[in-house]
Amino acid sequence: MKHVEHIGIAVKDLGSSIAMYTKLLGAEPYKKEEVISEGVMTVFFDAGNTKIELLGATREDSPIAKFIEKRGEGIHHIAFAVDNIREKIQEKTAQDFALINSEPKDGADNKLIVFLHPKSTGNVLVEMCEEKG
Ligand code: ZN
């Protein structure tokens, strides 16, 4: 794993959260992108060495809506950059980590992504992401 590429934060209301993070970080978001397959709108802020990814549900059955229902708003996942996501999937599986998806999926911000199940990572949802070439 390389650096923390971004931190994903589940929010109820994107409008008010964008305003709050703009004030907090002192900069406007640089990108807004819908991931239709996940039922999520993502909003990205540059936070120096990493990024903040706000996640707002776009439908009721979105994983983000379910997360907020169960745990409320807050940190949803930590994403680590990797060079070769397929290699990392094999490596983490061999190390007995549980993966939510074993095939990389298209994520926001031009990434291939895979999630490790929180049950094998101390209740923290961990994403691995590779920049698409
Ligand atoms: Zn993410």
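Located above this text is the structure these notes cover.
Remember, predicted model here, so these are calculated numbers, not experimental data. (Residues numbered from 1 in each chain as written. Predicted model: local features only at pLDDT ≥ 70, side-chain atom pairs only at ≥ 80, totals over all residues. Heavy atoms only, no water.)

Trainee: Hey, could you run me through the overall build of the chain in this one?
Mentor: Secondary structure summary: the chain contains three helices and eight strands in total. From first element to last, N terminus to C terminus, the chain shows the α and β order β-α-β-β-β-α-β-α-β-β-β. Here the C-alpha atoms of the chain give a radius of gyration of 14 Å, agreeing with the 14 Å that 2.2 N^0.38 yields for 133 residues. Considered along the principal axes of its C-alpha atoms, the chain spans approximately 40 × 30 × 25 Å. Across the chain, every contact between residues at least 6 apart in sequence was considered, and the portion connecting residues at least 24 apart equals 52%. (Helix = DSSP H or I, 4+ residues; strand = E, 2+ residues; numbered from the N terminus. Rg over C-alpha atoms; globule rule 2.2 N^0.38 Å. Contact = heavy atoms within 4.5 Å.)

Trainee: Help me understand the side chain of Glu127, please; the structure alone is not making it clear to me.
Mentor: Take Glu127: it is sitting in strand 8 (residues 126-131). Although buried, Glu127 forms no salt bridge, and the nearest oppositely charged side chain, Lys111, lies 7.5 Å from it. Residues contacting Glu127, with those up to four places away along its chain left out, are His6, His77, Ile78, Ala79, Phe80, Ile113, Val114 and Phe115. (Buried < 20%, exposed > 50% of the residue type's maximum accessible area, 1.4 Å probe, protein only. Lys, Arg positive; Asp, Glu negative; His and termini not counted. Salt bridge = Lys/Arg side-chain N within 4 Å of Asp/Glu carboxyl O.)

Trainee: In this structure, what is going on with the packing of aromatic side chains? I would like to understand it.
Mentor: To describe a pair of aromatic rings, one takes the distance between the centres and the angle between the planes. Per the stated rule, a full pass over the model turns up two aromatic pairs. Between Tyr21 and Phe45, the ring centres sit 6.1 Å apart and the planes meet at 45°, which makes this aromatic pair tilted. Separated by 24 residues along the polypeptide, Tyr21 in helix 1 (residues 14-25) and Phe45 in strand 3 (residues 40-47) bring together distant segments of the chain. A relative accessible area of 0% means that Phe45 is categorised as buried. Centroid distance Tyr30 to Phe44: 6.2 Å. Interplanar angle 40°. Geometry classified as tilted. Remark: Phe44 occurs in strand 3 and Tyr30 occurs in the loop between helix 1 and strand 2 (31-35); sequence separation between them is 14 residues. Look at Tyr30 and you get partly exposed, because its relative accessible area is 41%. For Phe44, a relative accessible area of 1% corresponds to the buried category. (Phe/Tyr/Trp six-rings, centres within 6.5 Å; stacked < 30°, edge-to-face > 60°.)

Trainee: When you look at the coordination of the zinc ion in this model, what are you seeing that I'm missing?
Mentor: When a metal carries six donors in an octahedron, the ideal angles between them are 90 or 180 degrees, while four donors in a tetrahedron ideally lie at 109.5 degrees. Around the zinc ion, the protein contributes the donor atoms His6 (NE2), Glu53 (OE), His77 (NE2) and Glu127 (OE), which lie 2.1 to 2.4 Å from the metal centre. Mapped onto the sequence, the donors of the zinc ion take the spacing H-x46-E-x23-H-x49-E. On the criterion of sequence distance, the pair formed by Glu53 in strand 4 (residues 50-57) and His77 in strand 5 (residues 74-81) is long-range, its members being 24 residues apart. Overall, His77 belongs to the buried group, its relative accessible area being 3%. (Donors = N, O, S within 2.8 Å, 3.2 Å for Na, K, Ca; no water.)

Trainee: Just to check I follow, could you spell out the nonpolar core for this structure?
Mentor: Nonpolar side chains tend toward joint burial in soluble globular proteins. Listed in full, the ten residues of the largest apolar core are Ile9, Val11, Leu14, Ile18, Tyr21, Met41, Val43, Phe45, Ile52 and Leu54. Going through the elements one at a time, strand 1 (4-11), helix 1, strand 3 and strand 4 are the ones with two or more residues in this core. In terms of nonpolar packing, the next biggest core, distinct from the first, is built from nine residues, Val40, Leu55, Phe67 and Ile68 among them. (Core = buried A, V, L, I, M, F, W, Y, C linked by side-chain atoms within 4.5 Å.)

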